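Letter by letter, the chains look like this.
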Amino acid sequence: MQLISVLPAQTPARELERVLGDPFNPDAPISFRKLVRHDEREEPPSEAFEMLRASGVHAQLVPQAFGGRLTSFEELLALVRVVSRRDLVLTTGLGSTMLAAIPVWAWGDEDQRRQVAQMLLGDGAFGSFAVSERQAGSDFLATNTRAEAADGGYLLSGEKWLIGNASRCSFVVALVQMQPALSLLLIRPDQLPAGTLRRLPKIRTLGLRGHDMGGMAFNDCPLPANALLGRTGRGMEMALTTLQYTRTMIGGMALGAADTALRLALGWGRDRRLYGKPIRDIPAVQSLLLGSFIDILIAECVTTITARALTLAPRRTSLWAAVTKYLVPNLSERIVRDASVVLSARSYLREGVGDGIFQKIARDMAITSIFEGTQLVQLSMIASQLAQLVRIGRRDGERVDLNRLCDLGTPAPAWDPSSTGLRIADPGGDELVEHWFGQADSSEEDMEAGPRAADAVRSLRDQATALRRILATTPTTTDLSLASRHCVLHAAACCLQVWRTSRYVMAPEAAGGEWLALCLERLAGKDSSPAGTDLDGPVSSWMHGQLDRGELFSIMPFELAR
Amino acid sequence: MNTWTLSELIAQLQQAFAGFLGMDPAEVNPHSSIKELGMDSLTAVELAIDIEERLGVSLFLTDFTGRETIAGLAASFLTERVA
């Protein structure tokens, strides 16, 4: 007998999914038809935001200790996927709010936490994390906005630009130059004297056209002493630590949007008939669709493990969040590209299939590899940490319990904001990669996933050995392809470890491990196998089954709204 | 609060830098620039946090230029504390 389990970490997401209704239905509370209409007008999907507010989504951004319902980031990730499969504009608005709230939860004082909790729980307010400036993109140190001590408080001047929620936010957390170094300030726009804060006009963008993207200019803006957030001079460290949480959630955003892209392509592949048969029977189309499904499973394993690590192994997430932020948008953009090949001309239309949502997803998805640190930023953070590991070895005696980390049947513990340390570089190495690909001569572990999976593991192990050799001789941070190769190994290790530890909660169709073999082969660069092999059949029918039954594309059964 | 003398503090920092650079403390020249010692900005920030946790000495390397020296950092820390 096979039990279909419902994971506790997914309960709030399942409930929200039901409330939001099927977005393909034009009459649903949040439908693709309405979302496309808002996008055309470059306006925020206000009634969708209102619906989320009414559903209590804002409470999911406030830790339980401060009156909300945020527990683990694994739970939040599931919610992010559910909302993002409808519209990334929604999760970008909520995500920018979360980005501003996290440092308040982690390092704010009691009063600051109370203020922000009240705004989120009471008003469903928006927040803004004001870091970037016109002249300082990824370079925090080039920050020009400056706060001087004055009258027992601060006087703030400067301009923040390319800021989410800039015109509608009720609170701002800003990175500013101060003595002795960059610091964070919590700003309440409603409490500022007139004329000291000017909100800049909306910035027009390729995608996310309904997002409130803008800026704010501070002009001798007086702030009270209690505007200081956390320790003075540790603003960059707090910002970098905060980003580890939100970069992981971006994995969920990309996954949600990728789900809809694949859903559209797969549905089209089933319904569109050419040359006397559905186009999904054409081998080239089959292979694109299956590849996208495999990419989703890989991205899901990676993102879920990092989300769990945020509370189970927080010292590791300086490395793993960067890996996730690099890898998952990359995979998701490939899914969108391949879906557009399947949809062909339909991918170019602003009407028709899915009420024209695909072209919006394609434009919106492009942000995932740009915001909160571009791909090059992630790779250089990874490269720097790898180089440090090679140079000095592991500095963290504590080992991560990989079985606990990857046991999806046991929910990750709730976040304890007060215990959040500043974490910039992983001192302990990538234990997932070490465990699976650490030793060139390690004996083959029996994964019960068949000979092709074992072959792929051998090939990945060879790649890991080669990478270690290069890193040992040239511990360089300039060749970013080495960091990218590490990401691939990390992803493979995530899939393997999830398979090992969580098979018992997976969908019944996952039990044979064919999906794992395909994930490993794809990551090992061996995806040239002809369509219709022994592995493709079961995985392909699993994918089609998820579409037909109305389930999220996932290793876990997750029913979508009908 | 620790009351380091300049030479004590330099010795402590040499040790901390050595740990991050995989070197012997004696090999860490306190008058070489941090960049010459082989440290990048991310590692420098992490090192500063580590030093603060272990020694109670707040170094701010966020305006890292790479030209800083251990001796210079130690001296400025002591000056700022007196001030």
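Residues numbered from 1 in each chain as written. Chains lettered and ligands numbered in written order. Predicted model: local features only at pLDDT ≥ 70, side-chain atom pairs only at ≥ 80, totals over all residues.

> So what exactly am I meant to see when it comes to the overall build of chain A here?
A tally of regular secondary structure across chain A gives 17 helices and 10 strands. A principal-axis box enclosing the C-alpha atoms of chain A has dimensions of 75 × 60 × 40 Å. Counting only residues that meet the buried cut, chain A has 57% of its 562 residues in that class. Considering only intrachain contacts with a sequence separation of at least 6, the fraction spanning at least 24 residues in chain A is 79%. (Helix = DSSP H or I, 4+ residues; strand = E, 2+ residues; numbered from the N terminus. Buried ≥ 20, exposed ≤ 12 C-beta atoms within 10 Å, placed from the backbone. Contact = placed C-beta atoms within 7 Å.)

> When you look at the interface of chain A and chain B in this model, what are you seeing that I'm missing?
Often, the extent of an interface is quoted as the loss of accessible area on bringing the components together. At the interface, 16 residues of chain A touch 14 residues of chain B. Among the elements of the structure, α7 (235–271) and α11 (375–392) of chain A are those that each provide at least two residues to the side of chain A that touches chain B. A total of five residues in the side of chain A that touches chain B trace back to one element, the largest contributor, which is α11(A). Here the residues of the side of chain A that touches chain B sort into 10 nonpolar, four polar and two charged. (Nonpolar A, V, L, I, M, F, W, Y, C, P; charged D, E, K, R; others polar.)

> Looking at this model, I keep getting lost on the confidence of the model for chain B. Mind explaining?
Detailed reading of the predicted coordinates is not advisable wherever pLDDT is low. All names here are of chain B. For chain B, per-residue confidence averages 83 on the pLDDT scale, and 89% of positions sit at 70 or higher. At the level of individual helices and strands, chain B shows its lowest average pLDDT in helix α4 (residues 70–82), which scores 81, and its highest in helix α1 (residues 6–21), which scores 90. Across the whole predicted complex the pTM is 0.95, and at the interface the ipTM reaches 0.82. (pLDDT = per-residue confidence, 0-100.)

> Where do I start with unusual backbone geometry in this structure?
When glycine is set aside, most residues are seen to have a negative phi, and most peptide bonds are trans. Residue and element names in this part refer to chain A. In this structure, the amide linkage connecting Q179 to the following residue, P180, adopts the cis form with an omega of 0°. In this fold, P180 is placed in the loop between β4 (169–176) and β5 (183–187). Located in the positive-phi region is E372, a residue other than glycine, with phi close to 55°. Looking at the element boundaries, E372 is found in the loop between α10 (357–365) and α11.

> Looking at this structure, I do not really get the nonpolar core. What am I missing?
All names here are of chain A. If you look at the biggest cluster of nonpolar residues, it comprises 221 residues, and the most contacted ones within it are L185, A261, I298, C495 and L520. When residues of this core are assigned to their parent elements, the largest contribution, 18 residues, is made by α7. Once you skip the residues sitting within four places of it in the chain, I298 turns out to touch L331, A491, C495, C519 and L523. (Core = buried A, V, L, I, M, F, W, Y, C linked by C-beta atoms within 7 Å.)

> What should I look at first to understand helix α4 (residues 73–84) of chain A in this one?
In an α-helix there are 3.6 residues to a turn, and that puts residues three or four apart on one side. All names here are of chain A. Its 12 residues give α4 an end-to-end C-alpha distance of 16 Å, which sits within 8% of 16 Å, the value for a rise of 1.5 Å per residue. The buried count for α4 comes to 12 of 12 residues, which makes it a mostly enclosed element. Looking at α4, one finds that the buried residues are F73, E74, E75, L76, L77, A78, L79, V80, R81, V82, V83 and S84. Its buried side turned inward, α4 meets α1 (11–20), α3 (46–54), α5 (88–107), α7 and α8 (283–312). (Expected span 1.5 Å × (residues − 1).)

> I tried to follow α7(A) on my own but got confused; where do I start?
All names here are of chain A. When the terminal C-alpha atoms of α7 are compared, their 53 Å separation across 37 residues agrees well with the 54 Å that a helix rising 1.5 Å per residue should span. Of all the bends in α7, the greatest, near 30°, is centred on Q244. The buried fraction of α7 amounts to 33 of the 37 residues, a majority that puts the element mostly inside the structure. (Bend = angle between axes of the 7 residues up to and from the residue.)

> Hey, could you run me through the pairing of β4(A) in this one?
Regular strands place side chains that alternate from one sheet face to the opposite one. All names here are of chain A. Among the eight residues of β4, eight are classified as buried, and the element is accordingly described as predominantly covered. With five bridges joining them, strand β1 (residues 126–130) and β4 adopt parallel strand pairing. Note that in β4 the partner of F126 across the bridge is C169. Here five bridges tie β4 to β5, and the two strands are oriented antiparallel to one another. When the bridges of β5 are listed, V172 appears paired with I187. The antiparallel hairpin formed by β4 and β5 contains six residues in its connecting segment. (Pairing = 2+ DSSP bridges.)

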